[in-house]
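Descriptive analysis of the structure
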Amino acid sequence: MEFQAVVMAAGGGSRMTDLTSSIPKPLLPVGNRPLLWYPLNLLERAGFEEVIVITRKEIQKMLNLDTKMKLDFVCVSDNMDMGTADSLRHIHQKIKTDVLVLSCDLITDVDLYKVVDLFRTHDASLSMLMKKAHEPTEGVPGQKGKKKPVEQRDFIGVDDTGKRLLFMANEADLDEELVIKRSILQKHPRMHIRTGLMDAHLYCLKKYVLDFLVENRTITSLRSELIPHLVRKQFSSPPSLQQGLDNKEEDQKKKEQASLDIYSFIKEDNSLLKPAPDNSCWNDHRGDMNETLHEGKVRCYVHIMKEGLCYRVNTLGLYIEANRQVPKLLLNLGLEESLVHGSAQITDRGMVGSDSIIGPSTQIGEKTSIKRSIIGSMCTIKDKVKITNCIIMNSVTIEEGCCLQGSVICHNAVIEKGADIKDCLIGSDQRLETKAKHVNEVIVGTEQLMEI
Amino acid sequence: MANVAMIDYTLEFLTATGVEETFVFCCWKSAEIKEHLQKSKWCRHTSPNTVRFVTSDLYRSLGDVLRDVDAKSLVRSDFILVTGDVVSNFNISKALEEHKLRRKMQKNVSVMTMIFKESSPGHHARCKEDDIVIAMDSATNRVLHYQRTQGLKRFRFPMSLFQNSIENVEVRHDLLDCHISICSPQVAELFTDNFDYQTRDDFVRGLLVNEEVLGNQIHMHVTTEDYGAHICNLLMYEAVCSDIIRRWVYPLTPEMNFTDDKNQNYTHSKHNIYRGVDVSLGHGSVLEENVLIGQGTVIGSNCSITNSVIGQNCRIGDEVTLDGAVLWDRVHIADNVEIHHSVICDEAEVKEKVKLKPRCVLSSQVVVGPGITLSEGTVISLHPPDEEEEDDDQFSDDSGVNKESKVKLKGYNKKDVGSEGRGYLWKADDKNEDDEEEQRQSLWGPAMHSEEESESDSDLSMGSEEPDSRAASPQLDDIKVFQNEVLGTLQRGEEENISCDNLVLEINSLKYAYNISLKEMMQVLSKVILEFPLQQLDANLDSQNYFSALLPLLKNWTPLFKNYIKRASDHLNALCAIEEFFLEHDSLCTSIAKVLMTFYQLEILEEDVILNWFSLRDTSDKGKQLRKNQRLQKFIQWLEEAEEESSDGDQD
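Residues numbered from 1 in each chain as written. Chains lettered and ligands numbered in written order. Predicted model: local features only at pLDDT ≥ 70, side-chain atom pairs only at ≥ 80, totals over all residues. Heavy atoms only, no water.

Looking at an unreviewed UniProt entry, one finds chain B named Translation initiation factor eIF2B subunit epsilon and attributed to Serinus canaria. The UniProt entry for chain B carries the following comment under Sequence similarities (unreviewed entry): "Belongs to the eIF-2B gamma/epsilon subunits family." (UniProt positions renumbered as here; feature names shortened; annotations may be inferred.)

Going by an unreviewed UniProt entry, chain A carries the name Translation initiation factor eIF2B subunit gamma and comes from Serinus canaria. What UniProt records for chain A under Subcellular location (unreviewed entry) is the sentence "Cytoplasm, Cytosol". Looking at chain A in UniProt, the text filed under Sequence similarities (unreviewed entry) is "Belongs to the eIF-2B gamma/epsilon subunits family."

When its secondary structure is counted, chain A shows 12 helices and 32 strands. Scored against the burial criterion, the 452 residues of chain A give a buried share of 54%. Of all intrachain contacts in chain A linking residues separated by at least 6 positions in sequence, the fraction that spans at least 24 positions is 54%. When the accessible surface of chain A is split by element, carbon and sulfur atoms take 49% of a total near 21,900 Å². (Helix = DSSP H or I, 4+ residues; strand = E, 2+ residues; numbered from the N terminus. Buried < 20%, exposed > 50% of the residue type's maximum accessible area, 1.4 Å probe, protein only. Contact = heavy atoms within 4.5 Å. Areas by Shrake-Rupley, 256 points an atom, 1.4 Å probe, with all protein chains shown as cover.)

Within chain B, the secondary structure is distributed over 24 helices and 33 strands. Expressed as a percentage of its 652 residues, the buried residues of chain B come to 49%. For chain B, contacts bridging at least 24 residues in sequence account for 55% of all contacts bridging at least 6. Carbon and sulfur atoms form 47% of the exposed surface of chain B, whose accessible area is close to 32,200 Å².

A separate point is the nonpolar core. Residues and elements named next belong to chain A. By size, the foremost hydrophobic cluster in this structure holds 64 residues, and its most contacted members are Leu19, Leu36, Leu43, Ile107, Leu202 and Tyr319. Of all the elements, helix α11 (residues 316–332) adds the most residues to this core, at eight residues. Contact partners of Leu43, with chain neighbours within four places excluded, come to Ala5, Val7, Phe48, Val51, Met69, Leu100, Leu102 and Leu112. (Core = buried A, V, L, I, M, F, W, Y, C linked by side-chain atoms within 4.5 Å.)

With that settled, the discussion passes to the pattern of salt bridges. Following the criterion strictly, the structure yields 40 salt bridges over all chains and no others. Note that Asp211 of chain A is salt-bridged to Lys207 of chain A, the shortest N-O span being 2.9 Å. Of the two residues, Asp211 of chain A and Lys207 of chain A are both situated in helix α7 (residues 207–215); the distance of four residues between them amounts to about one turn of the helix. Relative accessible area serves as the criterion here: at 24%, Lys207 of chain A is assigned to the partly exposed category. Each of Asp160 and Arg190 of chain A together with Glu118, Glu170, Arg172 and Asp174 of chain B takes part in a single network of salt bridges with overlapping partners. (Salt bridge = Lys/Arg side-chain N within 4 Å of Asp/Glu carboxyl O.)

Moving on: helix α16 (residues 500–513) of chain B. All names here are of chain B. An ideal rise of 1.5 Å per residue puts 20 Å on 14 residues; α16 measures up with 20 Å between its terminal C-alpha atoms. Among all positions of α16, only Cys500, Leu503, Val504, Ile507, Leu510 and Lys511 are buried. Angular distribution of buried residues about the axis of α16 spans 125°; they occupy a single face of the element. Counted as exposed and oriented over 90 degrees from the buried face of α16: Asp501, Leu505, Tyr512 and Ala513. Two residues or fewer after α16 comes Asn515, characterised by a positive phi angle close to 55°. (Expected span 1.5 Å × (residues − 1). Arc of directions from axis to C-beta.)

What follows deals with the packing of α7 of chain A against helix α8 (residues 222–233) of chain A. Think of two packed helices as two axes; the pair is described by the angle between the axes and how far apart they sit. All names here are of chain A. Here α7 crosses α8 at 120°, and the two axes come no closer than 12 Å. Here α7 runs over α8; the crossing is right-handed. Between α7, through Val209, Phe212 and Leu213, and α8, the contact on the second element is made entirely by Leu222, Leu226, His229 and Leu230. Classifying every residue of the contact of α7 with α8 by side-chain character gives six nonpolar, one polar and no charged. (Axes fitted to C-alpha atoms, helices over the stretch in contact; angles between N-to-C directions. Left-handed = near helix turned anticlockwise from the far one by under 90°. Nonpolar A, V, L, I, M, F, W, Y, C, P; charged D, E, K, R; others polar.)

The strand order β13-β14-β17-β20-β23-β26-β29-β32-β33 (chain B) describes an open sheet built from nine strands, whose pairing is mixed. With one partner strand each, in any of the chains shown, β13 (267–269) and β33 (424–425) of chain B form the two edges of the open sheet. (Pairing = 2+ DSSP bridges.)

The next point concerns a negative patch on the surface. Residues and elements named next belong to chain B. Together, Asp318, Glu319, Asp335 and Glu352 give the surface a local cluster of negative charge. On the secondary structure map, Asp335 appears in the loop between β24 (332–333) and β25 (338–340). What makes Asp335 partly exposed here is its relative accessible area of 30%. (Patch = residues over 30% accessible without salt bridge, like charges linked within 9 Å, V, L, I, M, F, W, Y side chains within 5 Å. Lys, Arg positive; Asp, Glu negative; His and termini not counted. Charge placed at Lys NZ, Arg CZ, Asp CG, Glu CD.)

This part covers unusual backbone geometry. All names here are of chain B. Residue Tyr250 is joined to Pro251 through a cis peptide bond whose omega torsion reads 10°. Tracing the sequence through the fold places Pro251 in the loop between α9 (234–245) and β13. At the junction of Gly369 and Pro370, the peptide bond is cis and its omega measures out at 0° in the coordinates. Residue position: Pro370 is located in the loop between β30 (367–368) and β31 (373–374).

Before going further, it helps to examine the packing of aromatic side chains. Residues and elements named next belong to chain B. Counting across every chain of the model gives 10 aromatic pairs over all chains. With a centroid separation of 6.0 Å and 90° between ring planes, the pair formed by Tyr600 and Trp638 is classed as edge-to-face. Of the two residues, Tyr600 sits in helix α21 (residues 592–601) while Trp638 sits in helix α24 (residues 630–651), which places them 38 residues apart along the sequence. Taking the relative accessible area as the measure of exposure, Trp638 reaches 39% and is therefore partly exposed. (Phe/Tyr/Trp six-rings, centres within 6.5 Å; stacked < 30°, edge-to-face > 60°.)

What follows concerns the state of the cysteines. Residues and elements named next belong to chain B. A complete count under the given rule lists zero disulfides over all chains for this structure. Considering cysteine sulfurs only, Cys314 is the nearest to Cys345, which forms no disulfide, with 12 Å between them. A relative accessible area of 9% means that Cys345 is categorised as buried. (Disulfide = S-S within 2.5 Å.)

Looking now at the pairing of strand β8 (residues 126–132) of chain A. All names here are of chain A. Judged by how many residues are buried, β8 sits mostly within the fold: six of seven residues are covered. Two elements, β8 and strand β13 (residues 197–205), share six bridges in a ladder whose sense is antiparallel. Among the inter-strand pairings, Lys132 is bridged to a residue of β13, identified as Leu197. Sheet topology places β8 next to strand β14 (residues 300–305); six bridges connect them, and they run parallel. For Leu129, the partnering residue across the bridge sits in β14 and is His303.

With that settled, consider the environment of Asp199 of chain A. Residue and element names in this part refer to chain A. Locating Asp199 in the fold gives a position in strand β13. Linking Asp199 and Glu58, residues 141 residues apart in sequence, is a C-alpha distance of 28 Å. Ignoring any residue separated from it by four or fewer positions in sequence, one finds Asp199 in contact with Met128, Leu129, Met130, Arg223 and Arg312. Of note is the side chain of Asp199, whose polar atom sits 2.7 Å from the side chain of Tyr203. Polar contacts involving the side chain of Asp199 include one to the side chain of Arg223, which spans 2.7 Å. (Polar contact = N/O pair within 3.5 Å; in protein donor to acceptor, adjacent residues only side chain to side chain.)

Residues and elements named next belong to chain A. Taken together, six strands build an open sheet; the order of strands is β17-β20-β23-β26-β29-β32 and the sheet is parallel. Looking at strand neighbours, the two that pair on one side only are β17 (357–358) and β32 (442–443), the edges of this open sheet. Inspection of the sheet shows strand β20 (residues 374–375) paired to strand β23 (residues 391–392) by two bridges, in the parallel sense. Across the sheet, the residue bridging to Ile374 is Ile391, located in β23.

Turning to the environment of Gln325 of chain A, a few remarks are in order. All names here are of chain A. For Gln325, the position within the fold is in helix α11. Classification of Gln325 as buried rests on a relative accessible area of 17%. A C-alpha to C-alpha distance of 9.3 Å links Gln325 and Asp355, two positions 30 residues apart in sequence. Not counting residues up to four positions away in its chain, the partners in contact with Gln325 are Leu309 and Tyr311.

Encoded structure:
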């Protein structure tokens, strides 16, 4: 086994609490499938047979996935605030090889081998996936005006080939200027500074990185701590081991320090592979005859997707956007089932757009038009309803003459006759009264709000 | 440069690229340059490139030249700006096209296109002195940030570079600045508008910083195939020289004789051996590779010559080893000499069994040897390092008569140049080793690799995460520094008998330089002067000697005090400083009364203020003890009486 795959599905979805207060993030329906299905499907397509899923108890109970892979659920208690690194540390005993870590909110049609091949070719410590961030195309319910991206921008420095990750900084950590060490530019004289890239939270990590993580308990997050640490470590030389020999005490100290240093975790290659770089005349840079890979022990690579789908569903806006794109993705993946489920009862097929998904056992009345929408299972949609650009989850009832536009309707909501809703988020078990009119609102249960 | 003057390369480059009119601006030794060019093919009628001279002693910088260009309105269209030390075979037409297109698309926005040559860090023609890092917009080739990197460990890029709509900012450290720029006429105007621009760097920086205000942009063109280099120091000189011999600058190779000089005919044979007319090579001598030998040079037997340039009419003895040597014209090398990577100028002479380690320079007409070894980086010149001797030395250069006696008179250091040697070891200052190091570095240009080492060292020390643990050098207190400076000034004043007016001037300028308030100024001055005798004589003085040493000083510097002590508060400040001094030096305590007395008699301090000070209540215990000093009390008493008397007198 070359890789073990780990899917992180314990996160709370803290950036879209309106949605996740009633439905845990991994279970959010996207194209009538739980969000977690997408990363698992990505792994399945790549040929993985076993996956470790880190999640919470109640999520595991509710989860119902059709997959041929063997899923190994590891539950973490939800009252412990565990970061991604903590979670990985939690399961480290199960990890025997290099590891592929994914987040449960990743929806992408990337060819996973591209990321993995980078990892293999360059004997990298880390390889990751990035994609140009999406500009939000349409408004998000409950948001007034155009919102500026709240998140701080990341600065990513890649080398000439666009693969080697040389530099990483967040806008929040920088003052007035971007500082780049000379030694980096000495080795990689051309550096492209990219902004506006989204990290897909898909990481290939060497086993030793995990060992390092186990020892370094201070690191709690992969994205904000471990990855930047690795990127920085690429260009600092390992501590020299000779100095400590004179003095035993010092030696002891060194050892203690070294245990926290990533270099001490890097195991030497087995004897066959080791001389290979020395004996080959290939090197990965131009202009001089220095050693391949500049002797750097830690190497980080990134695959930047130029085209294709890649979404991280971590905000309401992205959730809506992902739902919009998913019909395309599902068709591309060649899943034979049609977008309209066989058990759905639709009286007037002509009114259902080809870009909509309709779940099983859903009933749709006459003269009801559905465009660019996703409708879950067991919904009842009565006559003369207009649904455009909506996401309707399971067991929702929509009565006659409603007009829904650009909204998200959660489980078991009931929308009574003649309601007119535009750009709203309707929470679970909500009941909208007859002829209610809402524009750009978030309507969720009060008791849920109290919980938050 | 490979037996051809540097400026010929520059002019050939310009002509080859299609330039039809060239202005040569010269300042230093302009007559010689003019003479050289007038003899050359550039000034013949057939020359496709009309060369004009503009000479002035007032040109101190590129800025001066361009302001002059603007004033005389010499250029009306785009022009190429190069320094006279550029060696290149670059064809400018493509860059020029790009430049013109940009100018057409957006009128007058792009004012300059800089030409760079791609070469990785560590390339031998990249010198630290001229090393740059650039941030560019890879889509439009616009220069966003231009920075010299000498001595920098980290490069800083202002965040504003990344805020704009530019998607892909590229940071490049693999560029060699050819110092060739295509400029629009605006460049000269901008130099006129901004009289503080001295160099092209100033210009580029100013333009980039004010880009948003002025709306001017700079673009760049990167060449990968062509050759271009700017010879700013000896390191570059050596590198470019060897590149010419190795035909990297084709078609500017020695055998092409592009200067069309009949003395510059060479035959080119394999291993890049170039031989001029009438070269004689002794039995058993080997020209290994990359050797250029000028016309009429005679080489003895059993020599080994590699990677070297030898000028015209040189005489080289037997069993000589030249490796990476550059010999100019009429150099004499005796037998059994070994020269590595050094430059030897016109008519210099190296005697028997001399060994030159790498990076030595022998200036014109210098003689070294016999039988000595010059250590690495030795520079020998006929001009003595001390300026005072320069005049008569130049005389000795020319005369040639009575050389022997003059040598003895002046005493060439036999240790440095050998028993028959002539010349002075070039050192900035004998006392200061660091200075010499600097001098040598500036001549050869700091080598690239030495820097890399230090780089890795620094990496080691900051291997851990904290990227920002920059150790700030302990900053000396401004007042401390100021005090030292004042002390130095006064010492000099004392030694050289400088008038008080000048001292005041100097101290004033120091005061502004260190931003010292008047109060601090007063305290420092009093303290320095009172401590002065302690500095001059032994630290452990008894009060008697101390006072006798101080008295003449005080008398001398009375105007100094008077200049600063004007208001009542100044008097008080001075007194406080005096008190402080005596509190620090207990042993001298007894002389305080005398000192105050002197100040009073010299009319520096007024009696009211002294009395005022004496009666100050909020003093420390020590201060109180000081005031109990008998002599001081006597003095005060005397003062009080004197005042009464005088006031009595007034009443009368």
